[in-house]
Amino acid sequence: MIVQESYSVRHLTNGVARVYIKNSALLRQNGYVAGAAFSVTGKNRALKLVLNEEEGSKTVNNTARGELVEVRSKATGDALKGFSRVVVTFSKGVILIEVPLVELMRVTREASIKKALLTGKPLRKASVCSGVGTLAYQMKQGLESEGVKTQMAFAVDSDKLAISLQVEGNPIWSNPTKDAQALAVDIRDIDLSKIKHVHYLEIGYPCNGQSTLSPSERRDLNHPEVGTLFISYQGIKSGNLGA
């Protein structure tokens, strides 16, 4: 059986990084008993631990709380540079330490934002459940007051009048990106693959499920029409932040 767990990465000032694998029960089940020797090999964004009694340079620690595997080295720092979380996969005699996709996307997104800021390029902005764009306007004003330029790249709201008023009268649309989209549709009807990447995303509350005019049994997640819209939000957030 293969089991996965999430662990944090600690980066030290000298370029060394360390990962503590603390699940003694899983370690023992897969042969990593106290004192067992293992070898560590690494490449970009991944490390592989293999039980190796003859050539293993590392050993499983024996602590008061049970077995502990510590992976700590400059090579670990190089392989996991910039990442704060890893996924550890346990199998018989082998442990894989890998960077999960969500962590890779975070680092890519942060690098993209940093590059835009350093080169003076505007940040691409998306607004979901945008309404007339009041929140989008306030965020634009706040960022630009600190010298950070922004451009609208995407906005969606199911209310056609709200989107029309936003595009025609809200200053956030004074300098949109060349590929900007303003959609007056249900978010569930959008082909997410057609949305270009953005640097940051602002999400408003779907009004229906939050309104006090809604009966209590139709509030928040219980609302039959908008209660599960967060699934579509997650799709946008996962696939369109970054580049």
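See the structure above.
Only a predicted model underlies this, so the values are computations on that prediction, with no experimental measurement involved.

Caption draft 1: Expanded view of the overall build of the protein. Helix and strand content of the protein: seven helices and 14 strands. Per-residue burial for the protein yields a buried fraction of 38% across its 243 residues. Pairs at least 24 residues apart make up 67% of the contacts formed inside the protein by residues separated by at least 6 positions. Total accessible area computed for the protein in this model is approximately 13900 Å², and 54% of it derives from carbon and sulfur atoms.

Caption draft 2: Layout of the nonpolar core. Membership of the largest hydrophobic core comes to 24 residues, with the highest contact counts inside it found for Ile-21, Val-69, Ile-95 and Ile-97. At the level of secondary structure, the elements contributing two or more residues to this core comprise β3 (17–21), α1 (24–29), β5 (46–51), β8 (66–73), β9 (85–91) and β10 (94–98). Look past the residues within four positions of Ile-97 in its chain and what remains in contact with it is Ile-21, Arg-45, Ala-46, Leu-47, Leu-49, Val-71, Val-86, Val-87 and Val-88. Counting residues in hydrophobic clusters, the runner-up holds nine residues, among them Val-128, Ala-153, Phe-154 and Ile-190.

Caption draft 3: Seen up close, the pattern of salt bridges. Following the criterion strictly, the structure yields eight salt bridges and no others. As a salt-bridge pair, Arg-28 and Glu-67 come within 2.8 Å of each other at their nearest N and O atoms. Of the two residues, Arg-28 sits in helix α1 while Glu-67 sits in strand β8, which places them 39 residues apart along the sequence. Ionic pairing is found between Arg-72 and Glu-70, a salt bridge with its closest N-O pair at 3.9 Å. Among the residues examined, Glu-70 registers a relative accessible area of 25% and is labelled partly exposed. Here the salt bridges share partners, and the residues they tie into one network are Glu-103, Arg-106 and Glu-110.

What counts, and where the lines are drawn
Sequence order as written defines the numbering, with residues in each chain counted from 1. In view of the model being predicted, local features appear only for residues whose pLDDT reaches at least 70, and side-chain atom pairs are presented and counted only at 80 or more, with totals across whole chains, interfaces and linings using the full set of residues. Each side-chain value is worked out from all heavy atoms of the structure, with water and hydrogens disregarded. Here a strand is any run of E in DSSP of at least two residues, a helix any run of H or I of at least four, and the numbering for each starts at the N terminus. Type-normalised accessible area, obtained with a 1.4 Å probe on protein chains alone, sets the label of each residue: buried when under 20%, exposed when over 50%, and partly exposed for intermediate values. In what follows, residue pairs with any heavy atoms lying within 4.5 Å of each other are defined as contacts. Residue exposure ignores everything except the shown protein chains as possible cover, and the areas themselves are Shrake-Rupley values with a 1.4 Å probe. Buried Ala, Val, Leu, Ile, Met, Phe, Trp, Tyr and Cys residues that are joined via side-chain atoms within 4.5 Å together make up what is termed a nonpolar core. Take a side-chain nitrogen of Lys or Arg and a carboxyl oxygen of Asp or Glu: if they are within 4 Å of each other, that pair is a salt bridge.

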